[in-house]
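Read off the chains here:
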Amino acid sequence: MDIRTEIVTRVDKLPPEMQEQVLRFIASLTALPPRGESGTALRQFSGCLDADSAQQMMQAIEEECERVDAGAW
């Protein structure tokens, strides 16, 4: 049995909700990767923060962004 036939056979045996999961997974595999900016394009921003502003930003990230609120889920 070839791979395509095996996949179809197995997916056909799944309930509709799981078939939808398989479809979303396949779509994620074939989606184009997000495109970002090159380092060269971002170099213009290097050094634009003064030391105090950079320190405040790092402190805010440490205090606010690395917490997990288990009750929020």
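As the structure is a prediction and not an experimental result, all values here were calculated from the model.

Conventions adopted
Residues numbered from 1 in each chain as written. Predicted model: local features only at pLDDT ≥ 70, side-chain atom pairs only at ≥ 80, totals over all residues. Heavy atoms only, no water. Salt bridge = Lys/Arg side-chain N within 4 Å of Asp/Glu carboxyl O. Helix = DSSP H or I, 4+ residues; strand = E, 2+ residues; numbered from the N terminus. Buried < 20%, exposed > 50% of the residue type's maximum accessible area, 1.4 Å probe, protein only. pLDDT = per-residue confidence, 0-100.

**Q** So what about the pattern of salt bridges? Which residues, and what values?
**A** Note on pairing: side chains with opposite charge can pair once their charged atoms come close. By the definition in use, this model includes one salt bridge. For the salt bridge of glutamate 6 with arginine 10, the shortest nitrogen-to-oxygen distance reads 2.5 Å. Of the two residues, glutamate 6 and arginine 10 both sit in helix α1 (residues 3-12), four residues apart, roughly one turn of that helix. For arginine 10, a relative accessible area of 58% puts it in the exposed group.

**Q** Explain the confidence of the model for the chain residue by residue, including any values.
**A** Here the chain averages 87 in pLDDT, while 92% of its residues score no lower than 70. Here helix α3 (residues 39-42) is the element of the chain with the lowest mean pLDDT, 87, and α1 is the one with the highest, 95.

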